[in-house]
Amino acid sequence: MSKTLVQEQFGKTAASYVTSKPHAKGKSLERLVALTQPQNDWRVLDVATGGGHVAYTFAPHVARVWATDITQEMLDQVKAEAHKRGLANVRTTYAKAEALPFEDDSFDLVSCRIAPHHFESIPQFLSEVRRVLKPGALFALVDNVVPAGSVGDYVNAFERLRDPSHLRAWTIQEWRDALKAAKLATEHEEQIYKTMEFSSWAQRYDDTMKALLRAMLTQVTPDVKETLDPKDANGDFTFRLCEGLFIARKA
Ligand SMILES: C[S@@+](CC[C@H](N)C(=O)[O-])C[C@H]1O[C@@H](n2cnc3c(N)ncnc32)[C@H](O)[C@@H]1O
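Counting restarts for each chain, with residues numbered from 1 along the sequence as it is written. Restriction of local features to residues with pLDDT of at least 70 applies here, the model being predicted, together with a cutoff of 80 or more for giving and counting side-chain atom pairs; totals for whole chains, interfaces and linings are based on all residues. Values shown for side chains rest on all heavy atoms present in the structure; no hydrogens or waters enter the calculation.

(A) Region of the structure containing the site of the ligand. The full set close to the ligand counts 22 residues, and Ala48, Asp69, Thr71, Ala97 and Arg113 are the nearest of them. Here a polar contact is taken to be a pair of N or O atoms separated by no more than 3.5 Å, where protein atoms must pair a possible hydrogen donor with a possible acceptor and residues adjacent in sequence count only if both atoms sit in side chains. Here Ala48 contributes a backbone N or O atom positioned 2.9 Å from a nitrogen atom of the ligand. Between the ligand and Asp69, the relevant distance is 2.5 Å, taken from an oxygen atom to a side-chain nitrogen or oxygen of the residue. All accessible-area figures derive from a Shrake-Rupley calculation using a 1.4 Å probe, and residue coverage is judged against the displayed protein chains alone. If the ligand stood free it would expose 610 Å²; the protein chains cover 98% of that surface. Counting from the N terminus, the helices are the DSSP runs of H or I reaching at least four residues and the strands are the DSSP runs of E reaching at least two. Sorting the residues of the shell around the ligand by element identifies helix H1 (5-19) and helix H4 (53-58) as the ones contributing at least two each. Lys, Arg, Asp and Glu make up the charged group, whereas Ala, Val, Leu, Ile, Met, Phe, Trp, Tyr, Cys and Pro make up the nonpolar group; the residues left over, Gly among them, are polar. Taken together, the residues that form the shell around the ligand break down as 12 nonpolar, 6 polar and 4 charged. For each residue, the test is whether any non-hydrogen atom lies within 4 Å of the molecule or strand; if one does, the residue is near.

(B) Local environment of the layout of surface pockets. The method works on a 1 Å grid over the protein atoms by themselves. A cavity is a set of points holding a 1.4 Å probe that cannot get out, a pocket is an open set with protein on both sides within 12 Å along at least five of seven lines, and residues with an atom within 4 Å of a point line them. Grid points are joined across faces, edges and corners, and a volume is the space filled by probe spheres set on the points. Taken as a whole, the second largest pocket encloses approximately 190 Å³ of empty space. Along its surface, the second largest pocket is lined by Val145, Val146, Pro147, Val155, Ile172, Gln191, Tyr193, Thr227, Arg240, Leu241 and Cys242. At the level of elements, strand S6 (184-197) and strand S8 (236-250) are the ones that each hand at least two residues to the lining of the second largest pocket. Residue composition of the lining of the second largest pocket, by class: 8 nonpolar, 2 polar and 1 charged.

(C) Seen up close, the packing of aromatic side chains. Here is the rule: rings of Phe, Tyr and Trp (six-membered ring for Trp) pair when centre to centre is within 6.5 Å. Planes less than 30 degrees apart are stacked, more than 60 are edge-to-face, and the remainder are tilted. Applying the stated criterion to the full structure yields 11 aromatic pairs. Between Phe198 and Phe237, the aromatic rings sit 5.8 Å apart at their centres with planes inclined by 75 degrees, giving edge-to-face as the arrangement. Placement of the pair is Phe198 in helix H9 (residues 198-201) and Phe237 in strand S8, with a sequence separation of 39 residues. Note on classification: 1.4 Å probe, protein chains only; a residue is buried when its accessible area is under 20% of the maximum for its type, exposed when over 50%, partly exposed between these limits. Residue class for Phe237 comes out buried when judged on its relative accessible area of 3%. Sitting over the face of the ring of Phe107, Arg43 holds its NZ or CZ atom 4.7 Å from the ring centroid. Note on criteria: charge over ring means Lys NZ or Arg CZ within 6 Å of the ring centre, with the direction from the centre no more than 35 degrees off the ring normal. For Arg214, the ring lying beneath its charged end belongs to Phe237, and the centroid distance is 4.0 Å.

(D) Broad picture of unusual backbone geometry. Positive phi values are uncommon outside glycine, yet Asp105 reaches one of about 50 degrees. Classification of Asp105 by relative accessible area gives partly exposed; the value is 40%. Phi at Ile114 is positive, roughly 50 degrees, even though this residue is not glycine. In this fold, Ile114 is placed in the loop between strand S4 (107-113) and helix H6 (122-132).

(E) Structural context of the pairing of S4. With 7 of 7 residues buried, S4 is to be regarded as a mostly interior element. We treat two strands as partners when DSSP finds at least two bridges between them. In this sheet, S4 lies alongside strand S1 (residues 43-47) in parallel orientation, the contact comprising 4 bridges. Pairing of Val44 across the sheet is with Leu109, part of S4. In this structure, S4 lies alongside strand S5 (residues 133-145), joined through 6 bridges in parallel fashion. Within the sheet, the bridge partner assigned to Arg113 lies in S5 and is Val142.

Shown next, in the form of structure tokens:
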């Protein structure tokens, strides 16, 4: 079977996601634990686990974590890393977000962090999340969010230039509406700003592409500048992205 754009893109860079600072150290990890209060008999499903950071964060608190993804190289990294960390309750398996290979009503918590902007169908993903959650169980979602209108379109175009598998980051309001439509009742919502180091974010590219990405950050209108907040910092260059975090319950 030929690889999808996502599998191509993430297959090449799988190891870097295990060590990537915004993924491994992001503030949203500790917020997810504080907000969901995981219990030691819980079965947890982490969708699009990437380098596995949500799985490693929940594993010490719960009975079982399924770390799932469509990129085999990511799953291989997560299996090895979980073993290295002594997390014997982490299992890995292939799972497409829009067609989860799990039974109805089988998880106490489903998590998904910094991934839905790659999904072909977020409504189909949310329908699957609802299906596999036990009644009354929680969905913990984190994804990059953008402002509405042309500024959001610009941020998405900027991200897509660096990573063609980035389809579209949604606005906070789009998430509110989609969760409601999927009958997942939002109990908590917050936004977390994260500072991105340009040199590591763009490290996989040659100088021409780096210059183009940097120009997209600096030669911009005031409203884009306010959103991305580009800055020179200690010999590097930084900009800002925003994560939306939602905790929702299957009624
Ligand atoms: C940025 S990484 C995820 C980061 C990770 N969740 C974390 O918190 O560090 C995005 C992941 O989404 C996966 N992915 C993209 N589309 C997917 C889909 N439709 N179903 C499942 N996984 C998908 C990719 O293979 C990749 O591993």
